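Structural overview
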Amino acid sequence: MTPDRNQETIEDLQYKGLKIIQNKACFCFGMDAVLLSGYARVKRGDRVLDLCTGSGIVPVLLSGQNKAKEIVGIELLEYVADMGARSAALNGLEERVTIIQGDIKQVHKLVEGVFDVVTVNPPYEKKNEGLQSPNAYIEAARHEVYIDFNDVCKIANRMLKCGGRLTLVHRVARLPELICTLKKHKLEPKRMRLVHPAPGQEPNLVLMEAIKDGREGLKMDPPLFVRNTNGEYTEEIDRIYHRNEE
């Protein structure tokens, strides 16, 4: 069943006046999407492709950097893609941000040319593993129902130019698989950062950048702590969220 548009809300991202449309009947964006947009290296004039874009949160946040020439988001679910397109329009981004509804396995038929950067916040759980949701929209966002990580890497390789950058966020528990799959598709891991809920706690997320046809050599960035020992957000998280900016 298509979600009710009357349940939509508009969230102020508190960053350069940007806003995002959300619906609790769908999967709402979380911290991982914000961390992904903060970790992606986008240079002036780059073309950026965001896979599994959902409501378009990563393209909208990246637009605030005013570097990318073009940002394209691909989303399979029609209602969610429409919500993302309306978010782009709400922010007056139609000339730079395009949200396309379609199967990312066929993305080469949906967009032309190659990209400098591909970003992706993919489903974390393998199909039929972990906690299942009766909500088809949430289930598709959480589990590899329609696409798995091997598909993501295959698509990224096809859509990136030589030397292009794939930036992703995923669960640390799948890190060995991530590295092996990236290398299988000639996407060489070059930067990696582990995200810890707090000091003394094990990391639960990993941010990674891989280069198409890149040379071997991985740089480990300093760990990122979400909260300090007092339970408050760290200064770096505040910076990534652009808090306290005028």
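Attention now moves to the packing of helix α6 (residues 149–159) against helix α7 (residues 175–184). Viewed as axis vectors pointing N to C, α6 and α7 meet at an angle of 35°, and their least axial separation amounts to 9 Å. Handedness of the α6/α7 crossing: right-handed. On the side of α6, the interface is formed by Phe-149, Asn-150 and Cys-153, while α7 contributes Glu-177, Leu-178, Thr-181, Leu-182 and Lys-184. Classifying every residue of the contact of α6 with α7 by side-chain character gives 4 nonpolar, 2 polar and 2 charged.

Let us now look at helix α3 (residues 78–90). Relative to the 18 Å expected for 13 residues at 1.5 Å per residue, α3 spans 18 Å between its end C-alpha atoms, a close match to the ideal helical length. Along α3, the residues that are buried comprise Tyr-79, Val-80, Ala-81, Met-83, Gly-84, Arg-86, Ser-87 and Ala-88. Buried residues belonging to α3 abut β1 (8–12), β2 (19–23), β4 (70–75), β5 (97–101) and α5 (136–142).

Right, let's talk about the packing of aromatic side chains for a bit. The description of an aromatic ring pair uses the distance of the two centres, along with the angle that the planes make with each other. Counted according to the given criterion, the structure contains 0 aromatic pairs. Geometry around Tyr-233 places Arg-243 over its ring, the cationic atom sitting 4.7 Å from the centre.

With that out of the way, let us pick up the state of the cysteines. Counting across every chain of the model gives 0 disulfides. The thiol of Cys-26 is unpaired, and the distance to the nearest cysteine sulfur, on Cys-28, comes to 7.5 Å. When its relative accessible area of 4% is taken as the criterion, Cys-26 is described as buried. As a non-bridged cysteine, Cys-52 has Cys-153 as the owner of its nearest cysteine sulfur, 11 Å distant.

A cluster of basic residues, Lys-109, Lys-154, Arg-158 and Lys-184, forms a positive patch on the protein surface. Considering the arrangement of structural elements, one finds Arg-158 in helix α6. What makes Arg-158 exposed here is its relative accessible area of 52%.

Procedures and definitions
Counting from 1, residues in each chain are numbered in the order their sequence is written. For a predicted model such as this one, the threshold for reporting local features is a pLDDT of at least 70, and the threshold for listing and counting side-chain atom pairs is 80 or more; totals across whole chains, interfaces and linings nevertheless cover every residue. Heavy atoms throughout the structure, all of them, feed into the side-chain values; hydrogens and water do not. Axes here refer to lines fitted to C-alpha atoms; in helices the fit is confined to the stretch in contact. Angles between the N-to-C directions go from 0 to 180 degrees. The numbering of helices and of strands both runs from the N terminus, where a helix is a DSSP run of H or I of at least 4 residues and a strand a run of E of at least 2. By convention the crossing between two helices is left-handed if the near helix lies anticlockwise of the far one by an angle smaller than a right angle, and right-handed if it lies clockwise. Residues count as neighbours in contact if any of their non-hydrogen atoms are within 4.5 Å of one another. Throughout this entry, Asp, Glu, Lys and Arg are counted as charged residues, while Ala, Val, Leu, Ile, Met, Phe, Trp, Tyr, Cys and Pro are counted as nonpolar. The remaining residues, Gly among them, count as polar. By this rule the span expected of a helix is its residue count minus one, scaled by 1.5 Å. The rule is simple: take the accessible area with a 1.4 Å probe, protein chains only, and divide by the maximum for that residue type; under 20% is buried, over 50% is exposed, in between is partly exposed. Working definition: rings of Phe, Tyr and Trp (its six-membered ring) pair if their centres are within 6.5 Å, and the pair is stacked with planes under 30 degrees apart, edge-to-face with planes over 60 apart, and tilted otherwise. Counting as a charge over the ring demands two things of the Lys NZ or Arg CZ atom: a distance within 6 Å of the ring centre and an angle within 35 degrees of the ring normal. Note on disulfides: each one is a pair of cysteine sulfur atoms within 2.5 Å. Patches draw on residues past 30% relative accessible area with no salt bridge. Two like charges within 9 Å are joined, as are two nonpolar side chains (Val, Leu, Ile, Met, Phe, Trp, Tyr) within 5 Å. A 1.4 Å probe and the Shrake-Rupley method give the accessible areas. Residues count as covered only by the protein chains that appear here. Any Lys or Arg side-chain nitrogen located within 4 Å of an Asp or Glu carboxyl oxygen qualifies as a salt bridge. Within this scheme the basic residues Lys and Arg register as positive and the acidic residues Asp and Glu register as negative, but His and the chain ends are omitted. Where a charge sits is defined by one atom per residue type, namely NZ (Lys), CZ (Arg), CG (Asp) or CD (Glu).

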